[in-house]
Amino acid sequence: QQPVQSPQAVILREGEDAVINCSSSKALYSVHWYRQKHGEAPVFLMILLKGGEQKGHEKISASFNEKKQQSSLYLTASQLSYSGTYFCGSGEGGSEKLVFGKGTKLTVNP
Amino acid sequence: NAGVMQNPRHLVRRRGQEARLRCSPMKGHSHVYWYRQLPEEGLKFMVYLQKENIIDESGMPKERFSAEFPKEGPSILRIQQVVRGDSAAYFCASSSQGSGYEQYFGPGTRLTVT
């Protein structure tokens, strides 16, 4: 079942913060976050496996709620290089394939 | 450590021809996944392979599409008798282990069917 991402698009000024959500109607085995720039390959950001888990990567961090049905990606003090489309991919218990959401297009302007 | 490699990067085929897409996983990775992406859309899982085995092909069309990952050499996604609807970006990803491990993507092959 495809996870639902929100918002579909967001426009920021450099230095502003953003939150991207990824939710499912059932518990997920794992959540994978990727960023893709136009015409390029998706780049791995982070993976969350445990309910209640939080992870950080410089100014980008993510959380996975206790029920493992929602994950949020936090971008703080955004930089121009953060622009791109962010995808969450759900791993569904024992299946190695990822089911991706439709993506959130983030634009950071000067 | 070299990343995931795919070739060709761009492929143009006429309707009815065959397309062969190749993917070499990262060194040390034995799990390969193929995804398809249409313009302005997300990635759709096609097939998951380990060396010499197809583990999950639930996302691959039953006809005209096939995939392999031989003991030696790259993984190959083959599309026979291509149609215009096959035009898309095809990405392969690899991981060191299966479920719960990060997948690293190659640069993709952009297939155009004329």
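Look above for the structure.
None of these values were measured; they are calculated from a predicted model.

**A look at the overall build of chain B**
Along its length, chain B carries zero helices and eleven strands. For chain B, the α and β elements follow one another from N to C terminus as β-β-β-β-β-β-β-β-β-β-β. For a compact globule of 114 residues, the expected C-alpha radius of gyration is about 13 Å, and chain B comes in at 13 Å, within 12% of that figure. Taken over the C-alpha atoms alone, chain B extends approximately 35 × 25 × 25 Å along its principal axes. Looking at chain B as a whole, 44% of its 114 residues are labelled buried. By element, 46% of the accessible surface of chain B is carried by carbon and sulfur atoms, the whole surface being about 5,800 Å².

**Section: the interface of chain A and chain B**
Taken residue by residue, the interface counts 21 residues in chain A and 23 residues in chain B. Of the roughly 1,700 Å² buried between chain A and chain B, counting both surfaces, carbon and sulfur atoms make up 58%. Contact with chain B buries surface across chain A, with E96, K97 and F100 of chain A losing the most and accounting together for 32% of the total. Counting across the chain A and chain B interface gives zero salt bridges.

Rules behind the numbers
Residues numbered from 1 in each chain as written. Chains lettered and ligands numbered in written order. Predicted model: local features only at pLDDT ≥ 70, side-chain atom pairs only at ≥ 80, totals over all residues. Heavy atoms only, no water. Helix = DSSP H or I, 4+ residues; strand = E, 2+ residues; numbered from the N terminus. Rg over C-alpha atoms; globule rule 2.2 N^0.38 Å. Buried < 20%, exposed > 50% of the residue type's maximum accessible area, 1.4 Å probe, protein only. Areas by Shrake-Rupley, 256 points an atom, 1.4 Å probe, with all protein chains shown as cover. Contact = heavy atoms within 4.5 Å. Buried area = accessible area lost by both parts, 1.4 Å probe. Salt bridge = Lys/Arg side-chain N within 4 Å of Asp/Glu carboxyl O.

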